[in-house]
Amino acid sequence: MVEKKKKANFIIILIVVLLLVLLIVLQMLVSALKKKELEENSNISVSTGTDNNNKRPTTVKEIIENAGSSYLYMNQSVMIRIYADFKYDLYDENGNSKEKYFMDIVDQIVELQQNSFYLIDEEKKFEIFVNYDKIKEKYTVKINDIEDFYDESDGDLYLKISKTKIAPQKAFGVSNDLYGTLFLRGMRFANTIIVTGEREELPNGYYKYPTEHIKAKLGGNKVLNLIFDEDYEGEIAPAVHVKTKLEDVEKVYKDASFGSSKEGYLGYRSPENYIFLYEDEVSIYPYKYEANEYFDKYLSDYCETGNLDKLVSDFTTQWSSYFEFEYDGEKQDLKLIFPTRGIGIDIVSNDSKGITIYNNYYLTDTVKNLIKANKITLEPDKDLLFMTEQKRRESMK
């Protein structure tokens, strides 16, 4: 009897042990299956969105749309040109490179097409050219005609361009009769200002007209800057004369574009003028903030050819609104300043980087592309006309 009981207990223990072993094996199998599933999921690319499902893309349209961009159309008349509205620009809004995003798309299209092609985003103004060597089965990439684009370009420039803004415009209307007549006559000095006395030439390139209580900077036959002295009695703007206290001006014309009464000056950008008011004088510049296709073309031609002689001719033959001009053809040095247009040229040894664009230059796509390509310089936080006025003011103290 005892022997039978021992045998029964042994069988029970054996069954329990076997169940425990089986349970351990099942747990190991479940863990292995979960690990495999995690590994498979981790192999799915989600960084750029170029392969959001297990199905391999079979068209260019699928590749682009899998990347979160909008495919538009393809033109294959001479070269394969693929037009799209891409999810990103070449750099993002923080100036970070999107090289990996675009190269991932390029890799997939190359594998699919095995041919040369362009990727073009007309809205964002860039094109990516992929030159595929069928013999070597390799490809090279140019972005906006630049090899090693991401090594040569600067994401900070993209950020600066997007944030470049001219000083805020204010409702300050000049009502001075003399200035109004000048403006209507295209700022032509002759036959507009009746000079009753001898004019004096000042060291800084200005002329003083003591009887009229004005000073003027001339470019050709045009007035580039007109200054009313403290003894000038005519009205400058409604409720404003030269001797009007800055605090009183500030009460009527609030939130100046530049300065404050506490700083000793007020500056306003109106649709057609920059006006600077001090305790002892008022300075007015006519200006234009609009696209200048001629300037854009001059800059593009020079950056392409490096022909500095032609650049000098282009900028000085028909345009006389420059404040400074010096040229040494032998050394290939040029200084040419257009404050009212927001462009300063200070080229040394024929280096195009000496061309500086300020925030009062009207940025077109042409100029933006030259800046992005590091061919010319951008000063997004500086207004060249305001800087010129500060220099002028200092020179007359």
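Preceding block: the structure.
Residues numbered from 1 in each chain as written. Predicted model: local features only at pLDDT ≥ 70, side-chain atom pairs only at ≥ 80, totals over all residues. Heavy atoms only, no water.

### A closer look at the overall build of the chain
And step 1. Counting its secondary structure elements, the chain contains eleven helices and 19 strands.
And step 2. Each of the 397 residues in the chain was classed as buried or not, and the buried ones make up 42%.
And step 3. Intrachain contacts of the chain at a sequence separation of at least 6 include 47% that bridge at least 24 residues.
And step 4. As displayed, the chain has an accessible area near 23,000 Å², and 50% of this comes from carbon and sulfur atoms. (Helix = DSSP H or I, 4+ residues; strand = E, 2+ residues; numbered from the N terminus. Buried < 20%, exposed > 50% of the residue type's maximum accessible area, 1.4 Å probe, protein only. Contact = heavy atoms within 4.5 Å. Areas by Shrake-Rupley, 256 points an atom, 1.4 Å probe, with all protein chains shown as cover.)

### So, the pairing of strand 13 (residues 273–277)
And step 1. In terms of burial, strand 13 is largely enclosed, as five of its five residues are buried.
And step 2. Burial along strand 13 is two-sided: the face carrying Asn-273, Ile-275 and Leu-277 and the face carrying Tyr-274 and Phe-276 are both buried.
And step 3. As judged from the four bridges shared by strand 12 (residues 265–269) and strand 13, these two strands associate in the antiparallel manner. Across the sheet, Leu-266 pairs through a bridge with Leu-277, a residue of strand 13.
And step 4. Taking the residues that link successive antiparallel strands as the turn, the strand 12-strand 13 hairpin has three residues.
And step 5. The antiparallel hairpin formed by strand 13 and strand 14 (residues 281–286) contains three residues in its connecting segment. (Pairing = 2+ DSSP bridges.)

### Concerning the sheet that holds strand 12
And step 1. A sheet is described by the order of its strands in space; here eight strands give the open sequence 7-8-9-10-14-13-12-11, paired in antiparallel fashion. Across the chains shown, the open sheet's two edge strands, defined by having one partner strand only, are strand 7 (200–201) and strand 11 (258–260).
And step 2. Sheet topology note: the strand 11/strand 12 ladder contains three bridges and is antiparallel. Among the inter-strand pairings, Ser-260 is bridged to a residue of strand 12, identified as Tyr-265.

### Some thoughts on a negative patch on the surface
And step 1. Among the surface-exposed residues, Glu-99, Glu-147, Asp-148, Asp-151 and Glu-152 lie close enough to one another that they form a single negatively charged patch.
And step 2. In this structure, Asp-151 sits in helix 4 (residues 149–152).
And step 3. We classify Asp-151 as exposed; its relative accessible area is 67%. (Patch = residues over 30% accessible without salt bridge, like charges linked within 9 Å, V, L, I, M, F, W, Y side chains within 5 Å. Salt bridge = Lys/Arg side-chain N within 4 Å of Asp/Glu carboxyl O. Lys, Arg positive; Asp, Glu negative; His and termini not counted. Charge placed at Lys NZ, Arg CZ, Asp CG, Glu CD.)

### Here's the deal with helix 9 (residues 308–317)
The α-helix advances 3.6 residues per turn, and as a result positions three or four apart in sequence lie on the same side.
And step 1. Regarding helix 9, the residues found buried are Leu-308, Leu-311, Val-312, Asp-314 and Phe-315. The arc that holds every buried residue of helix 9, seen down its axis, measures 165 degrees, which confines them to one face.
And step 2. Packed against the buried residues of helix 9 are helix 8 (293–305), strand 15 (324–328), strand 16 (333–338), strand 17 (343–347) and strand 18 (355–358).
And step 3. Its side-chain oxygen placed 3.3 Å from the backbone nitrogen of Asp-309, Asn-307 serves as the N-cap of helix 9. (Arc of directions from axis to C-beta. Polar contact = N/O pair within 3.5 Å; in protein donor to acceptor, adjacent residues only side chain to side chain.)

### Digging into the nonpolar core
And step 1. Core analysis: the largest hydrophobic core is formed by 28 residues, its most contacted members being Leu-90, Phe-102, Phe-117 and Leu-119.
And step 2. Broken down by element, this core gets its largest block of residues, seven residues, from helix 3 (residues 99–113).
And step 3. Here Leu-119 is in contact with Ile-64, Ile-82, Phe-86, Ile-105, Val-106, Ile-109, Phe-126, Glu-127 and Ile-128, once residues within four sequence places are set aside. (Core = buried A, V, L, I, M, F, W, Y, C linked by side-chain atoms within 4.5 Å.)

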